[in-house]
Amino acid sequence: MERRTLLGRLSWQLGEVVATRPETARTKSITLDLPGWRGHRAGQHVDVRLTAEDGYRAERSYSIASPPEEAPRVTLTVERLDDGEVSPYLTEELRVGDKLELRGPIGGYFVWEAEMGGPLLLVAGGSGIVPLMAMLRHRAAAESTVATRLLYSSRSLEEVIYRDELDRLVKRSAMLAVAQTLTRAQPPGWTGYSRRIDLQMLREVAWPVAQRPLTFVCGPTPFVETAAAILVELGHEPARIKTERFGPTGEKHDGE
Ligand SMILES: Cc1cc2nc3c(=O)[nH]c(=O)nc-3n(C[C@H](O)[C@H](O)[C@H](O)COP(=O)(O)OP(=O)(O)OC[C@H]3O[C@@H](n4cnc5c(N)ncnc54)[C@H](O)[C@@H]3O)c2cc1C
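Source: prediction; values computed, not measured.

### Some details on the sheet that holds strand E8 (residues 148-154)
Turning to step 1, where the next piece is worked out: If you walk across this open sheet you meet the 5 strands as E9-E8-E7-E10-E11, and the pairing is parallel. Pairing within the sheet leaves two strands with one partner each, and these edge strands are strand E9 (176-182) and strand E11 (241-245). Neighbouring strand axes in the sheet, compared pairwise and without regard to direction, differ in orientation by 10 degrees on average.
Turning to step 2, where the next piece is worked out: With 7 bridges connecting them, E8 and E9 associate as parallel partners. Bridge assignment links leucine 151 to a residue of E9, and that residue is alanine 179.
Turning to step 3, where the next piece is worked out: Contacts from helix H3 (residues 129-141) reach strand E7 (120-125), E8, E9 and strand E10 (214-219), with the element oriented near 145 degrees to E7.

In structure tokens, the structure reads:
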């Protein structure tokens, strides 16, 4: 469906900020209460709209981090870009009790529901973990035992979003494995990967091609393109590799 047609049907609604939580030095989770929320599926996003006093408006897309099971509460996790227009406001200025205008849920392609099965391969770069976290949280809430592997690339340990929660999810589910790579700085004794995602790493972490995993890749555009190209090179079916690019809003991304 045309994005314009779809968005025409979605109306803007006001959510009240009921909680905020720093995840890392640069990222914050914002939980909104949305009384009119029609529910969402893990992997979908919303558009957020800010209006200045002079009427100037800026709109950006943010993935939903919370699972459908938490509706009508919806949590977003936003990374602050220092020279950005919207993300510094959301991470630094927005307070509990404030109202935020948004519309959604948007996107029917980059979604996973427990009934879709697996095995599941999730590949995240930086804040690209957000929609994949919604999938992992949904998997846990639905008590799904779908065999799942996450490969998560961050610059440093301090920049790993949801670090403790990922550890807890792994402890809770024998069918979930998380592999991490830290591309810029590694703490002493680090046992994970220490480089950008490459063919050898994906060969080691991804499910064997014969198991026909369902794959979701999310992150900055170059990260997503590299990871998806490697997976295809390894022999994975392109139709089972779904991608979401967190480029600047307005740029074309899959799922629209
Ligand atoms: C479907 C979708 C889902 C998204 N989900 C999330 C999410 O869950 N969490 C999140 O933090 N962001 C997410 N984004 C990115 C988000 O929409 C904004 O692009 C981001 O917050 C920057 O907005 P800004 O107004 O602060 O910066 P802008 O004023 O738009 O840009 C400031 C500068 O940063 C560059 N820039 C803009 N966006 C990015 C980016 N994503 N990465 C690197 N450089 C960039 C611009 O080119 C510019 O130089 C998502 C994007 C899409 C398309």
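### Considering the packing of aromatic side chains
Turning to step 1, where the next piece is worked out: For the structure on display, the rule yields 1 aromatic pair.
Turning to step 2, where the next piece is worked out: On the basis of an interplanar angle of 90 degrees and a centroid distance of 5.2 Å, the ring pair of phenylalanine 110 and phenylalanine 216 is categorised as edge-to-face. With phenylalanine 110 in the loop between strand E6 (99-106) and E7 and phenylalanine 216 in strand E10, this residue pair connects regions lying 106 residues apart in the sequence. A single burial state applies to phenylalanine 110 and to phenylalanine 216, both of which are buried.
Turning to step 3, where the next piece is worked out: Lying across the ring of tryptophan 207, arginine 149 places its NZ or CZ 3.6 Å from the centre.

### Remarks on the domain arrangement of the protein chain
By a frequent convention, interface size equals the accessible area lost on bringing the separate parts together.
Turning to step 1, where the next piece is worked out: Under the domain assignment used here, the protein chain contains domain 1 (12-106) and domain 2 (114-246).
Turning to step 2, where the next piece is worked out: Taken together, the contact between domain 1 and domain 2 spans 17 residues of the former and 18 residues of the latter.
Turning to step 3, where the next piece is worked out: Seen at the junction of domain 1 and domain 2, the total is 0 salt bridges.
Turning to step 4, where the next piece is worked out: Seen at the junction of domain 1 and domain 2, the total is 5 residue pairs in polar contact (both at pLDDT 80 or more).
Turning to step 5, where the next piece is worked out: Secondary structure elements with two or more residues in the side of domain 1 that touches domain 2: strand E2 (27-33) and strand E5 (73-79).
Turning to step 6, where the next piece is worked out: Looking at the side of domain 1 that touches domain 2 residue by residue, the class counts come to 5 nonpolar, 8 polar and 4 charged.

What counts, and where the lines are drawn
- Residues numbered from 1 in each chain as written.
- Predicted model: local features only at pLDDT ≥ 70, side-chain atom pairs only at ≥ 80, totals over all residues.
- Heavy atoms only, no water.
- Pairing = 2+ DSSP bridges.
- Helix = DSSP H or I, 4+ residues; strand = E, 2+ residues; numbered from the N terminus.
- Axes fitted to C-alpha atoms, helices over the stretch in contact; angles between N-to-C directions.
- Contact = heavy atoms within 4.5 Å.
- Phe/Tyr/Trp six-rings, centres within 6.5 Å; stacked < 30°, edge-to-face > 60°.
- Buried < 20%, exposed > 50% of the residue type's maximum accessible area, 1.4 Å probe, protein only.
- Lys NZ or Arg CZ within 6 Å of the ring centre and 35° of its normal.
- Domains from an automatic or database assignment.
- Salt bridge = Lys/Arg side-chain N within 4 Å of Asp/Glu carboxyl O.
- Polar contact = N/O pair within 3.5 Å; in protein donor to acceptor, adjacent residues only side chain to side chain.
- Nonpolar A, V, L, I, M, F, W, Y, C, P; charged D, E, K, R; others polar.

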